[in-house]
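Results of the structural survey
Okay, here's what each chain looks like letter by letter:
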Amino acid sequence: METVVSGIRSTGNLHLGNYFGAVVNYLKMQHEYNCYFFIADYHSLTTHPTPKNLHENVRQILSEYLACGIDSGSATVFLQSDVPEVTELYLLLNMNAYIGELTRTTSFKEKVRKQPDNVNAGLLTYPVLMAADIIIHKATKVPVGKDQEQNLEMTRRFARRFNTLYGVDYFPEPTAFNFGKQLIKIPGLDGSGKMGKSEGNALYLTDKPEVIRKKVMRAVTDSGPTKENQEMSEPVQNLFTIMEVVSSPDTVRHFRDLYNRCEIRYGDLKKQLAEDIIVFTNPIREKVEEIYNDNEYLRKVVRAGAEKARESAAKTIREVREIIGFKPF
Ligand code: TRP
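Quick summary incoming for the structure in this document. (Residues numbered from 1 in each chain as written. Predicted model: local features only at pLDDT ≥ 70, side-chain atom pairs only at ≥ 80, totals over all residues. Heavy atoms only, no water.)

Thoughts on the layout of surface pockets
Leftover empty space is mapped by rolling, across the atoms, a probe with the size of a water molecule. Rule in force here: In this analysis, the protein atoms alone were mapped onto a 1 Å grid. Cavities are point sets where a 1.4 Å probe fits without being able to get out; pockets are open sets with protein on both sides within 12 Å along at least five of seven lines; lining residues have an atom within 4 Å of a point. Grid points are joined across faces, edges and corners, and a volume is the space filled by probe spheres set on the points. Helix and strand definitions follow DSSP, with helices as H or I runs of at least four residues and strands as E runs of at least two, each counted in order from the N terminus. Only Asp, Glu, Lys and Arg are considered charged in this grouping, and only Ala, Val, Leu, Ile, Met, Phe, Trp, Tyr, Cys and Pro are considered nonpolar; every other residue, Gly among them, is considered polar.
In this structure, the second largest pocket spans a volume of roughly 250 Å³. Taken together, Asp41, Leu54, His55, Val58, Arg59, Leu62, Leu79, Asn295, Leu298, Arg299, Val302 and Arg303 make up the lining of the second largest pocket. For the lining of the second largest pocket, the secondary structure elements donating two or more residues are α3 (51-68) and α14 (295-324). When grouped by side-chain class, the residues that make up the lining of the second largest pocket number six nonpolar, two polar and four charged.

Remarks on the environment of Pro172
Short version of the rule: Three exposure classes are used, based on accessible area relative to the maximum for each residue type with a 1.4 Å probe and protein chains only: buried under 20%, partly exposed in between, and exposed over 50%. Should any heavy atoms of two residues lie within 4.5 Å, those residues are counted as being in contact.
Structurally, Pro172 can be placed in the loop between α9 (149-166) and β5 (175-176). Exposure remark for Pro172: the relative accessible area of 25% places this residue in the partly exposed category. Setting aside chain neighbours within four positions, we find Pro172 in contact with Ile135, Lys138, Ala139, Thr140 and Ala159.

Looking at the pairing of strand β2 (residues 34-39)
Rules: Handedness of a crossover is defined as follows: orient the strands so they point away from the viewer, and if the path from the first strand over the helix to the second runs clockwise, the crossover is right-handed. Should DSSP find at least two bridges between two strands, the strands are taken to pair.
With respect to burial, β2 is a largely interior element, five of its six residues being buried. Note that the unit made of strand β1 (residues 3-8), helix α1 (residues 16-32) and β2 has a crossover that is right-handed. In terms of strand pairing, β2 meets strand β3 (residues 76-79) through four bridges, oriented parallel. Looking at β3, one finds that Phe38 is bridged to Phe78.

A few points about the site of the ligand
Here is the rule: Only heavy atoms are used to decide nearness, and a residue is near a molecule or strand if one of them lies within 4 Å of it. Two N or O atoms count as a polar contact when they lie within 3.5 Å, although within protein this holds only if one can serve as hydrogen donor and the other as acceptor, and sequence-adjacent residues are included solely when both atoms are side-chain atoms. Each accessible area is a Shrake-Rupley result for a 1.4 Å probe, and residues are judged covered by the shown protein chains and nothing else.
As a structural note, the neighbourhood of the ligand is formed by Ser6, Gly7, Arg9, Phe38, His43, Tyr126, Met130, Asp133, Ile134, Val142, Val144 and Gln148. Here a nitrogen atom of the ligand sits 2.8 Å away from a polar atom, N or O, in the side chain of Asp133. A distance of 2.8 Å is found between a nitrogen atom of the ligand and a side-chain nitrogen or oxygen belonging to Gln148. Bound to the protein, the ligand loses 95% of the 370 Å² it would expose on its own. Mapped onto the shell around the ligand, the elements with two or more residues apiece are β1 and α8 (126-135).

What to know about α3
Let me state the cut-off plainly: One less than the residue count of a helix, multiplied by 1.5 Å, gives the span that helix is expected to have.
Under the 1.5 Å per step criterion, the end-to-end length of α3 is 26 Å for 18 residues, consistent within 8% with the ideal 26 Å. Restricting attention to buried positions, one finds in α3 the residues Val58, Arg59, Gln60, Ile61, Leu62, Ser63, Glu64, Tyr65, Leu66, Ala67 and Cys68. Phi for Gly69, located one or two positions after α3, is positive at around 115 degrees.

Structural notes on the packing of aromatic side chains
For the record, the criterion: Ring geometry is summarised as follows: Phe, Tyr and Trp rings, the Trp one being its six-membered ring, pair when their centres sit within 6.5 Å, and such pairs are stacked at plane angles under 30 degrees, edge-to-face over 60 and tilted between the two. Consider the ring centre and the ring normal. A charge sits over the ring if Lys NZ or Arg CZ is within 6 Å of that centre and within 35 degrees of that normal.
With the rule as written, the count across this model stands at eleven aromatic pairs. With 5.4 Å between their ring centres and 80 degrees between their planes, Tyr33 and Phe177 make a pair best called edge-to-face. Linking Tyr33 in the loop between α1 and β2 with Phe177 in the loop between β5 and α10 (209-217), this pair joins segments that are 144 residues apart in sequence. For the pair shown, Tyr33 and Phe177 are each scored as buried. Ring centres 4.9 Å apart and planes at 55 degrees place the aromatic pair Phe162 and Tyr166 in the tilted group. Placement of the pair is Phe162 and Tyr166 together in helix α9, with a separation of four residues, close to one helical turn. Looking at Phe162, the relative accessible area reads 3%, which means it is buried. If you follow Lys141 out to its NZ or CZ, it ends over the ring of Phe177, 5.2 Å from the centre. It is Arg321 that lies over the ring of Phe326; its NZ or CZ is 5.0 Å from the centre.

Structure below.
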């Protein structure tokens, strides 16, 4: 069975875009592949969280993924920092990662621009740690989006370089992977573009009903269709796109018909949409709260995950040390 590794950013709650773009993918993959899903908490240190924030962020995002249905019985769910073997591989890979290629990485250049007063070495070597995360389990598939393609390209490069340097065929070169043919891109509520945390246009799985209602009622629309079967403007199309993932086909058809007959009232559409989003998110939100406070359960999950992940990682480290030439006396 092929191995999948995915690192989950430990900051930022999940929004509908994350859910339909990534989480549904994980939910399908976990039964078909040998999956390692971890919270990338070492990586989060590049932004210097406080100890309290670090822990709370990890607990929150872990609770959210578990509440969504990530099954720690099928997938290996763990914290990056519970598998210190990855730091050893990171160190070893760093010896064959060059300053030039690291400084040329788009995400690094962006950080330099965005946070010029915190350009730490961890940021520079971020792709090396990410490569270590992936190849330490000899993964062949990584479920990442477009924004991570360059990092994955670097992972392949470091894996290939290791193999070439030592004349071995040890690490596979992993490729980006999506379960479905095309992932659903969920748009934001501001009329254009996709849903995102930094765009401020997101509906979070943990948003309370009143917050969801408020956000949806404020969503951008237009002045309404003036002729039958008129093509939809982007903001209106966006609301229908969200409706298609949370509402019943009958509901979607009903409002499409109203639109096509120029009888639509966007207020009614929004009210229905908000209620359907609430029906979808409410059980998840309640589950997140339950899991977040169930320390016993969380401890069990991460302990079992760490044990499985360390077993796989330790084997790789043993073999890598031997390949490199570390020999016991
Ligand atoms: N860089 C990824 C992101 O920002 C997170 C990540 C860290 C990751 N290590 C990984 C993703 C390993 C996939 C595999 O989303």
